[in-house]
Amino acid sequence: MLQQVKAHRSAAPFMQRKPSARKVETRLRVSDHLGALALRFGIGRNNATIQPGLYYTGNPGAGSPVLVTANYRLTVDALRRELTGISTWVLIIDTGGINVWCAAGKGTFSAQNIANTLNRSDLDRLAPSAPLVLPQLSASGVDANELASLTGRRILFGPVYARDIPRFLESGFKKDTAMRAVRFATPERAVLVPVELMHTAKLQFAALLLSVILALPVNTVFFMRGLLYAAYLEGSLLVAIVLFPLLLPLLPGRFFSVKGTVLHVIWSAFFVFFARQHLPGFEFMFASLFFLAGGCATYLTMNFTGSSTFTSQRGVEREVRKSIPVILISSVAGMLASATLLVRNLIVAGGIL
């Protein structure tokens, strides 16, 4: 049984005790929560790293377990806030500021990288025989046998979620079914939306600019044309970014690109039914916008494959290989058709802008 002690609390999340290891503050501060919120919107993402190395909580001894994690700030925060009252070592691996799951897929959360970090630390002196507890989601990138050979330690894979770690440790490293399950319900999918909105800000601005250009020439219906074009293009992007992750399990198809196309067709059918009542002839430009917006929207929905729990690296590569050519053809065809109709409208109007 692990020694239970009251976790140390200080004004800083990491406090130096000695050169060999630093103490981790398990209570998240207001600044930590604000920083996490900013990261959810993609703000400061390139600087969301923790210094790799050996840390600890409570008062660990030579036999206390070593929790291994990535150096992405949100990952470290999720772990340390669950360790109040627990004495353990924490070995943070340099994954370039990438979370455990993605780092395992990219090869940066690997047996060799873990062994290298361990060898550079003072862990062999402080806890020479302590077991290494790895996140379950790192299993795809870590060869446990290789890591055991490199370190001479017992290798364990812990639960999926950090919130289950206290129970996992108290039970003597035993996992039940709930600890092994990866959930991708609506809350997990919804948390992806803010950062996607920020990442596509330039694309949304480009859609507005394109709407103004395609609405030319300036005449009595210029404003209405521009408004409808902007509503359709911006709506297509928002449907792909916001509605797609929320409706993901309900959409037909195996490929995310197919699911995204289905959702785009539904959105387009709804919109054209509304627009045709406000601007006669809108159908002609809409046909070209359908393929242009469809290419962009499908590409955005395909990006969610990296966040899903029911895709594999090989499956994603297969989908990208088959979908990208179709997306490019659709986008280019839409741009050419839109440009052609714009020129036609300017000519019909006598070139008066």
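1. A word on the confidence of the model for the protein
A low pLDDT score tells you not to read the predicted coordinates there in detail.
So, point 1. The share of residues in the protein with pLDDT of 70 or more is 90%, and the mean pLDDT across the chain is 86.
So, point 2. In the model, residues 1-12 has pLDDT below 50 throughout and makes 30 contacts with residues more than four positions away in sequence or in other chains.

2. Some thoughts on the pairing of strand β2 (residues 21-24)
So, point 1. Here two bridges tie β2 to strand β3 (residues 53-57), and the two strands are oriented parallel to one another. Across the sheet, residue K23 finds its bridge partner in β3, namely Y56.
So, point 2. Between the parallel pair β2 and β3, the chain is carried across by helix α1 (residues 30-40), and the sense of this crossover is right-handed.

3. Details of unusual backbone geometry
So, point 1. Omega for the peptide link from L216 to P217 comes to 5°, which places this bond in the cis form.
So, point 2. Mapped onto the fold, P217 is located in the loop between α11 (201-214) and α12 (222-247).
So, point 3. Backbone geometry at F173 places phi at a positive 70°, although glycine is not the residue there.
So, point 4. Looking at the element boundaries, F173 is found in the loop between α7 (165-170) and α8 (177-180).
So, point 5. Residue classification places F173 among the partly exposed positions, given a relative accessible area of 24%.

4. Details of helix α4 (residues 111-120)
So, point 1. Those residues of α4 that fall on the buried side of the exposure criterion are A111, N113, I114, A115, T117 and L118.
So, point 2. Those residues of α4 that are buried lie in contact with β3, β4 (66-70), β5 (88-93), α5 (123-126), β6 (132-134) and α6 (144-151).

5. So, the packing of aromatic side chains
So, point 1. Enumeration over the complete set of coordinates arrives at 11 aromatic pairs.
So, point 2. Judged by centre distance (6.3 Å) and plane angle (35°), the rings of W267 and F270 are tilted. A residue pair is termed a helical-turn pair when its members lie 3 or 4 positions apart in one helix, as W267 and F270 do in helix α13 (residues 256-275) at three residues.
So, point 3. Judged by relative accessible area, W267 falls into the buried class, the value being 16%.
So, point 4. Since its relative accessible area comes to 58%, F270 is described here as exposed.
So, point 5. Seen in terms of ring centroids, F290 and F291 are 5.3 Å apart; in terms of plane orientation they differ by 85°. Their pairing is edge-to-face.
So, point 6. Here F290 falls in the partly exposed class, since its relative accessible area comes to 23%.
So, point 7. Each member of the aromatic cluster is reached from another via a ring pair, and the members are Y232, W267, F270, F271, F286, F290 and F291.
So, point 8. Here the guanidinium or amino end of R163 rests over the ring plane of Y161, the centre of that ring lying 4.3 Å away.

6. Regarding the environment of I155
So, point 1. With respect to the helices, strands and loops of the structure, I155 is situated in strand β7 (residues 155-157).
So, point 2. By relative accessible area, I155 is classed as buried at 16%.
So, point 3. Separated by 162 residues in the primary sequence, I155 and E317 place their C-alpha atoms 31 Å from one another.
So, point 4. If we skip the residues at most four places from it in the chain, I155 touches L132, L134, A144, L147 and A148.

7. Focus on the nonpolar core
So, point 1. Grouped together as the largest cluster of nonpolar side chains are 31 residues, with contacts concentrated most on Y232, F244 and L289.
So, point 2. Secondary-structure elements contributing two or more residues to this core are α11, α12, α13, α14 (282-302) and α15 (313-348).
So, point 3. Apart from residues lying up to four places away in sequence, L289 is in contact with L214, Y229, Y232, L233, G294 and S338.
So, point 4. By size, the runner-up hydrophobic cluster in this structure holds 26 residues, among which are V66, L91, L123 and A130.

8. Focus: the packing of α11 against α12
So, point 1. As a packed pair, α11 and α12 sit with axes 8 Å apart at the nearest point and diverge in direction by 155°. Considering the angle they form, α11 stands roughly antiparallel to α12. Remark: the crossing between α11 and α12 carries right-handed chirality. Along the contact surface, α11 presents L203, Q204, F205, A207, L208, L210, S211, V212 and L214, while α12 presents F222, G226, Y229, A230, L233, E234, L237 and I241.
So, point 2. Its residues assigned to classes, the contact of α11 with α12 shows 13 nonpolar, three polar and one charged.

9. Here's the deal with the pattern of salt bridges
Working definition: two side chains of opposite charge can pair if their charged atoms are close together.
So, point 1. According to the stated counting rule, one finds eight salt bridges in the structure shown.
So, point 2. For R80, the salt bridge is made with D77, and the minimal N-O distance between the two is 2.9 Å. Here the residue R80 and the residue D77 both occupy positions in helix α2 (residues 73-80), the gap between them amounting to three residues, near one helical turn. D77 shares its class with R80; the two are buried.
So, point 3. The partner of R167 in a salt bridge is D164, and the shortest N-O contact between them spans 3.4 Å.
So, point 4. The exposure class assigned to D164 is buried, which follows from its relative accessible area of 10%.
So, point 5. Taken together, the shared-partner salt bridges connect R29, D32, D77 and R80 into one network.

10. Digging into a nonpolar patch on the surface
So, point 1. A contiguous nonpolar surface patch, about 370 Å² in accessible area, is contributed by L37, F41, I43 and M198.
So, point 2. Tracing the backbone through its elements, the reader meets M198 in helix α10 (residues 193-199).
So, point 3. Given the relative accessible area of 42%, M198 is considered partly exposed.

Rules behind the numbers
- Residues numbered from 1 in each chain as written.
- Predicted model: local features only at pLDDT ≥ 70, side-chain atom pairs only at ≥ 80, totals over all residues.
- Heavy atoms only, no water.
- pLDDT = per-residue confidence, 0-100.
- Contact = heavy atoms within 4.5 Å.
- Pairing = 2+ DSSP bridges.
- Helix = DSSP H or I, 4+ residues; strand = E, 2+ residues; numbered from the N terminus.
- Right-handed = clockwise from strand over helix to strand, strands pointing away.
- Buried < 20%, exposed > 50% of the residue type's maximum accessible area, 1.4 Å probe, protein only.
- Phe/Tyr/Trp six-rings, centres within 6.5 Å; stacked < 30°, edge-to-face > 60°.
- Lys NZ or Arg CZ within 6 Å of the ring centre and 35° of its normal.
- Core = buried A, V, L, I, M, F, W, Y, C linked by side-chain atoms within 4.5 Å.
- Axes fitted to C-alpha atoms, helices over the stretch in contact; angles between N-to-C directions.
- Parallel < 35°, antiparallel > 145°, perpendicular 65-115°, else oblique.
- Left-handed = near helix turned anticlockwise from the far one by under 90°.
- Nonpolar A, V, L, I, M, F, W, Y, C, P; charged D, E, K, R; others polar.
- Salt bridge = Lys/Arg side-chain N within 4 Å of Asp/Glu carboxyl O.
- Patch = residues over 30% accessible without salt bridge, like charges linked within 9 Å, V, L, I, M, F, W, Y side chains within 5 Å.
- Areas by Shrake-Rupley, 256 points an atom, 1.4 Å probe, with all protein chains shown as cover.

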